[in-house]
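Spelled out, the chains give:
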Amino acid sequence: MVTVLVVVLVALALRPPFTAVAPLLDRIQRDLGVSGTFSGVLTTLPVVCLGAFAFVAPRLRQRFGDERVLLGCLVVLLIGNSLRAYGDIPTLLAGTVVVGAGIAVANVAVPGLIKRDFPHRVPVVTAVYTMCLTLGGAFAAAAVVPVGHAFGSQWRAPLGLLAVPVLVALVISLVAVRGSAVAAPKPVSPGILWRSPLAWHLTFFMGLQSSLAYVVFGWLPTMLQSRGMTPELAGLALGVQAAIQAAGSMSIPVLCRRLHDQRPIIAVLSLMLMSGFGGILLGPTGLLWPAVVVLGLAQGAAFGLALTLLGLRSPDSDTTTALSGMAQGGGYLIAAVGPLLIGLLHDVSGAWTLPLVLVLACSAGWLGFGLSVGRPVQVPSVIGRVTPN
């Protein structure tokens, strides 16, 4: 029960720093006098951090244990969210880096914790985790613009107030895990995964899915505003899309239970991703909301499936953490290119045709790697293996 509580609290704190920025991008640009390319950097920088800092998470987990690592991540998130409230360009960027570092380590640690305590219920507990991630992100996306109006602040107060739920999560988690013992570290050699084709396919699978997700977090409100939506409605649409992801992620345990081979699920989801993006950027304005719903369902299920596969394709929790570090570290570095390219392509062309081509190509690539990782096979265990000098 303690593990589930910690997982839920951490999950609720991890998405808001990303989803809260997109509805405020136009205001940040006007207030700081920055370009669309800078906005692309601002939405890409945390994803780069997710990749760069993910590689240190398995070592931190080995030394301090899962629970203490997650508590440390909440402290880092508290500092990062507070920094961004100062609101000039240097502190905005610095706070974004700090936030990205905390989220990166937590992202890697949670799948290993789930595999450790719930080895036979990985899809179910992972679904709870992803549901809380999406609900936290949905609430933040829908609330930041009204909160800004209430506080008379363009964007600084809404970003700074994200520190409040993190502080609450930190206090409750400290009480929940007080006195918990740290397990003795086992000898592991994560390097064996770098020689596993399946581990690499999982890395690209995670990367392309994450790239599409962060394109949505960073650019969906701007896309919708270009189709005639007001900033308030566009922010609400991002929140609705994120909330619907919870329903998509909760479908994964049922589907995994019925289909031992996940390739049919991946094929359907890839078609839904293409349809959602196509409807938003090319469809009639009357179908914008249905397209948002389809995209939300697909992305929630795709994200939940990607995290679930880290556990299903690993024989033990140490391997899950090592695989999570590799797949999320490399995957998020791949994903970082997506939001940046969207900004560059839109700046160059002044339209959404080239960005749409990019997201459709990513969806097709995700399907290609999914045909490999959807098979019911596992990567080799990292426990007890000694890397040659």
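Here the structure is a predicted model, which means the values were calculated and not measured.

## Topic: the nonpolar core
If you look at the biggest cluster of nonpolar residues, it comprises 100 residues, and the most contacted ones within it are Tyr129, Leu193, Leu224 and Ile280. Of all the elements, helix α11 (residues 197-226) adds the most residues to this core, at 16 residues. Each of two domains, domain 1 (1-176) and domain 2 (190-378), supplies a minimum of three residues to this core. Residues within four places of Tyr129 in sequence aside, it is in contact with Val7, Ala11, Leu14, Asn107, Val110, Ile114 and Leu307. Of all hydrophobic cores here, the second largest spans 16 residues; its members include Leu24, Phe38, Leu92 and Val145.

## Describing the domain arrangement of the chain
Domain parsing of the chain yields domain 1 (1-176) and domain 2 (190-378). One C-alpha centre belongs to domain 1, the other to domain 2; they are set 18 Å apart. Each side of the interface is counted separately: domain 1 has 48 residues, and domain 2 has 49 residues. Between domain 1 and domain 2, a total of about 3,900 Å² is buried, with carbon and sulfur atoms accounting for 71% of that surface. Applying the counting criterion to the domain 1 and domain 2 interface returns two salt bridges. Linking Asp318 and Arg61 is a salt bridge whose minimum nitrogen-to-oxygen distance equals 3.1 Å. Seen at the junction of domain 1 and domain 2, the total is nine residue pairs in polar contact (both at pLDDT 80 or more). Elements supplying a minimum of two residues to the side of domain 1 that touches domain 2: α2 (16-19), α3 (25-32), α4 (36-54), α5 (57-64), α7 (89-117) and α8 (122-151). In terms of residue count, α8 provides more of the side of domain 1 that touches domain 2 than any other element does, 18 residues in total. Classifying every residue of the side of domain 1 that touches domain 2 gives 27 nonpolar, 15 polar and six charged.

## Some points on helix α1 (residues 2-14)
For α1, with 13 residues, the first-to-last C-alpha span of 19 Å sits near the 18 Å given by 1.5 Å per residue. Residues of α1 that are buried: Thr3, Val6, Val7, Leu9, Val10, Ala11, Ala13 and Leu14. On the buried face of α1, the contacting elements are α2, α6 (66-84), α7, α8 and α10 (163-177).

## Overview of the pattern of salt bridges
Per the stated rule, a full pass over the model turns up eight salt bridges. With a shortest N-O distance of 2.7 Å, Asp31 and Arg156 are connected by a salt bridge. Remark: Arg156 occurs in helix α9 (residues 156-160) and Asp31 occurs in helix α3; sequence separation between them is 125 residues. If you follow the salt bridges from partner to partner, you end up with Arg61, Asp66, Glu67, Arg116, Asp117 and Asp318 in one network.

## What to know about the packing of aromatic side chains
Under the counting rule described, the total for this entry stands at five aromatic pairs. On the numbers, 5.1 Å between centres and 10 degrees between planes, the contact of Phe204 with Phe369 is stacked. Here Phe204 is found in helix α11, whereas its partner Phe369 is found in helix α17 (residues 353-373), with 165 residues between them in sequence. According to the relative accessible area criterion, Phe369 is partly exposed, its value standing at 25%. Taken together, the ring pairs in this structure connect Phe55, Trp194 and Trp200 into an aromatic cluster. Arg15 extends its terminal NZ or CZ atom over the ring of Phe303, reaching a point 4.7 Å from the ring centre.

Calculation rules
Residues numbered from 1 in each chain as written. Predicted model: local features only at pLDDT ≥ 70, side-chain atom pairs only at ≥ 80, totals over all residues. Heavy atoms only, no water. Core = buried A, V, L, I, M, F, W, Y, C linked by side-chain atoms within 4.5 Å. Buried < 20%, exposed > 50% of the residue type's maximum accessible area, 1.4 Å probe, protein only. Helix = DSSP H or I, 4+ residues; strand = E, 2+ residues; numbered from the N terminus. Domains from an automatic or database assignment. Contact = heavy atoms within 4.5 Å. Buried area = accessible area lost by both parts, 1.4 Å probe. Salt bridge = Lys/Arg side-chain N within 4 Å of Asp/Glu carboxyl O. Polar contact = N/O pair within 3.5 Å; in protein donor to acceptor, adjacent residues only side chain to side chain. Nonpolar A, V, L, I, M, F, W, Y, C, P; charged D, E, K, R; others polar. Expected span 1.5 Å × (residues − 1). Phe/Tyr/Trp six-rings, centres within 6.5 Å; stacked < 30°, edge-to-face > 60°. Lys NZ or Arg CZ within 6 Å of the ring centre and 35° of its normal.

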